[in-house]
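The residues making up each chain are set out below.
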Amino acid sequence: MRVRIWLGMIAMLCGILALVGCGSDKGAAGGTQGTPPTLVRTFTAFSSDTPVREEYTGSIAADQEVPIAARVTGYIVEKYVQGGERVEAGQALYRIDSRQYRASYEAARAQTAQARANYESALQDLERYRSLIAQDAISEQEFTRQQALVDQYRAMVEAQEAQTSIASDNVDDTIVRAPFSGILGLDDLPVGNFVAAGQTPLVTISAADPILVRFDITEAQYLRMAQRDDSQWGDHLQLRLSDGSLYPQEGSVVAVDQGATGGGSFSVKARFDNPNHLLRPGMFVRLVSAAEIAKNSVLVPRQAVQPLLDKQMILVVDAENKVTQRPVQIGADFGPYVVVTDGLQAGETVIVEGQVKAQNGMTVQPQMVTREDIEKAAAAPAAQ
């Protein structure tokens, strides 16, 4: 009798456990018997021709960078600027001791005046000799000698005027001016230094606008870009700064080194306008180029991709609203979308919101999001 009672209790307990287990399975499958499926927002992957961006490590360099040297020799007696300042073309930077050059200029002026007086006196004598020879009062030889003397004095005047001009230029050159607009280096000499004409650098000046970016590309990249005829590689280049932001001005390639720099690479220079002087020589940047067009790329919103350890995962919803977790390969960004290079096909539905609540194998209730919704949401922060 006791055996029957125990067997009945065991059978009842097994039935209860079986019912509990079935209820759990049905709940995990997506909610039955009053439990609604998890609501998620989904998006249909689509295909499009997208530009493939390539990035190169580069450095900022000045379009022009020269050491400024004085054209005269002497001691620095005055300094009008400090290293690091921005200067305009023709702005005064230094003054060299001008006393000896002013003295030379005054002496040259005096000698020019004396030469001009001698010339004018000889010219008057020549006119007098001209009337005398007409009267046969002097010989032809005397007249010719006087004419040669006039020519000699004229040459002396021209020579002295040239010396005066040189002396005047030397006085002007005691003021050292910026050859072009730019930014001065920190290698500026202080007052009191002795400088030799054309030899002693006073300060280095670098052009600030435009600016150059130097970067290297491989031979394979160069050949691929050079052979393309459906896009202009080298135009509409962008810069990614060290803080991750994009520089607002676009640039273009101005020179490619015809000889490989070694290691199978070519040196390239691109020019960018720098009106606000944000870019400085020596800065490191990433140069961004939309070099190629990838045909029929598969795109999904960026938020659809979730990192998991060292993989990128996407939750795919099938025709029965069942979730499958799938690893994918990710390519470049394209606006609010990301290119999926492997693991997904256009037309498949992916979860873009609610991934935390969705699980592999779960049945969900999808709410479709359109491209217009995604692009409007991406544009909203920029509009604010």
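The following refers to the structure shown.

Basis of the calculations
- Residues numbered from 1 in each chain as written.
- Predicted model: local features only at pLDDT ≥ 70, side-chain atom pairs only at ≥ 80, totals over all residues.
- Heavy atoms only, no water.
- Helix = DSSP H or I, 4+ residues; strand = E, 2+ residues; numbered from the N terminus.
- Contact = heavy atoms within 4.5 Å.
- Areas by Shrake-Rupley, 256 points an atom, 1.4 Å probe, with all protein chains shown as cover.
- Expected span 1.5 Å × (residues − 1).
- Buried < 20%, exposed > 50% of the residue type's maximum accessible area, 1.4 Å probe, protein only.
- 1 Å grid on protein atoms, 1.4 Å probe; cavity = no way out; pocket = protein on both sides within 12 Å on 5 of 7 lines; lining within 4 Å.
- Points joined across faces, edges and corners; volume = space filled by probe spheres on them.
- Nonpolar A, V, L, I, M, F, W, Y, C, P; charged D, E, K, R; others polar.
- Pairing = 2+ DSSP bridges.
- Patch = residues over 30% accessible without salt bridge, like charges linked within 9 Å, V, L, I, M, F, W, Y side chains within 5 Å.
- Salt bridge = Lys/Arg side-chain N within 4 Å of Asp/Glu carboxyl O.
- Core = buried A, V, L, I, M, F, W, Y, C linked by side-chain atoms within 4.5 Å.

1. What to know about the overall build of the protein chain
Then, in step 1: Along its length, the protein chain carries five helices and 21 strands.
Then, in step 2: A separation of at least 24 residues holds for 75% of the contacts in the protein chain among residues at least 6 apart in sequence.
Then, in step 3: A total of about 23,000 Å² of accessible surface is found on the protein chain, and carbon and sulfur atoms cover 51% of it.

2. As for helix α3 (residues 140-173)
Then, in step 1: Relative to the 50 Å expected for 34 residues at 1.5 Å per residue, α3 spans 50 Å between its end C-alpha atoms, a close match to the ideal helical length.
Then, in step 2: Among the residues of α3, those classed as buried are F143, Q146, V150, V157, Q160, T164, A167, V171 and D173.
Then, in step 3: In this structure, the buried residues of α3 make contact with α2 (99-134) and β7 (175-177).

3. Some words on the side chain of N274
Then, in step 1: Its location among the elements puts N274 in the loop between β14 (265-272) and β15 (284-301).
Then, in step 2: With sequence-adjacent residues up to four places away left out, N274 is seen in contact with A208, D209, P210, I211, Y247 and L279.

4. Side note on the layout of surface pockets
Then, in step 1: A volume near 180 Å³ is recorded for the largest pocket.
Then, in step 2: In terms of lining, the largest pocket is formed by I68, A69, A70, R71, D173, I175, V176, R177 and A178.
Then, in step 3: Secondary structure elements with two or more residues in the lining of the largest pocket: β3 (65-69) and β7.
Then, in step 4: The biggest single contributor to the lining of the largest pocket is β7, with three residues.
Then, in step 5: Considered class by class, the residues forming the lining of the largest pocket number six nonpolar, no polar and three charged.
Then, in step 6: Within this model, the second largest pocket holds a volume of roughly 160 Å³.
Then, in step 7: Lining the second largest pocket are twelve residues, with P51, R53, Q238, D333 and F334 positioned closest to its centre.

5. Thoughts on the environment of V256
Then, in step 1: If you trace the backbone, V256 turns up in strand β13 (residues 251-256).
Then, in step 2: Classification of V256 by relative accessible area gives partly exposed; the value is 22%.
Then, in step 3: When near neighbours in sequence (up to four residues on either side) are disregarded, V256 contacts Y222, F266, S267 and V268.

6. A few points about the sheet that holds strand β9 (residues 194-195)
Then, in step 1: Read across the sheet, four strands follow the order β7-β6-β4-β9 without closing on themselves; strand pairing throughout is antiparallel. Strands with a single pairing partner mark the edges of an open sheet, and in this sheet they are β7 and β9.
Then, in step 2: Where strand β4 (residues 74-79) meets β9, two bridges bridge the pair, whose relative direction is antiparallel. From the neighbouring strand, Y75 faces β9, where its bridge partner is F194.

7. Remarks on the environment of S252
Then, in step 1: Along the polypeptide, S252 turns up in strand β13.
Then, in step 2: Take S252: its relative accessible area is 26%, and that puts it in the partly exposed class.
Then, in step 3: The sequence separation of S252 and S289 amounts to 37 residues, and the corresponding C-alpha distance is 9.8 Å.

8. Quick word on a nonpolar patch on the surface
Then, in step 1: On the surface, Y75, V77 and F194 cluster together into a nonpolar patch covering about 290 Å² of accessible area.
Then, in step 2: Within the secondary structure, V77 is located in strand β4.
Then, in step 3: On the accessibility criterion, V77 (34% relative accessible area) is partly exposed.

9. Observations regarding the nonpolar core
Most often, soluble globular proteins keep nonpolar side chains buried together rather than apart.
Then, in step 1: Core analysis: the largest hydrophobic core is formed by 21 residues, its most contacted members being L93, Y94 and L202.
Then, in step 2: Those residues within four positions of Y94 in sequence are excluded, and the remaining contacts are I76, E78, K79, Y80, T174, I175, V176, D188, L189, L202 and V203.
Then, in step 3: Membership of the second largest hydrophobic core comes to 20 residues, among which are F43, V300, V328 and V350.

10. With respect to the sheet that holds β3
Then, in step 1: Spatial ordering of the open sheet is given by β3-β10-β8-β5, a layout of four strands whose pairing is antiparallel. Edge strands, defined here as strands with exactly one partner in the open sheet, are β3 and β5 (86-87).
Then, in step 2: Relative to strand β8 (residues 182-184), β5 runs antiparallel, the two sharing two bridges. By the bridge assignment, R86 is partnered in β8 with I183.

11. Things to note about α2
Then, in step 1: Given a rise of 1.5 Å per residue, 36 residues ought to cover 52 Å, and the 53 Å separating the end C-alpha atoms of α2 matches this to within 8%.
Then, in step 2: Buried residues of α2: Y101, A108, T112, A115, Y119, A122, L126, Y129 and I133, and no others.
Then, in step 3: Looking at the buried side of α2, the elements it contacts are α3.
Then, in step 4: Following α2 by one or two positions, D136 has its phi on the positive side, about 60°.

12. What about the environment of S267?
Then, in step 1: Position of S267 relative to the elements: it lies in strand β14.
Then, in step 2: Judged by relative accessible area, which is 24%, S267 ranks as partly exposed.
Then, in step 3: Taking the C-alpha atoms as reference points, S267 and I217, 50 residues apart in sequence, are found 6.7 Å from one another.

13. Digging into the pairing of strand β1 (residues 38-44)
Side chains on a regular strand alternate between the two faces of the sheet.
Then, in step 1: Note that β1 and strand β21 (residues 364-368) share five bridges and pair parallel. Pairing of L39 across the sheet is with Q365, part of β21.
Then, in step 2: Pairing of β1 with strand β20 (residues 349-353) involves four bridges; the strand directions are antiparallel. By the bridge assignment, T44 is partnered in β20 with T349.

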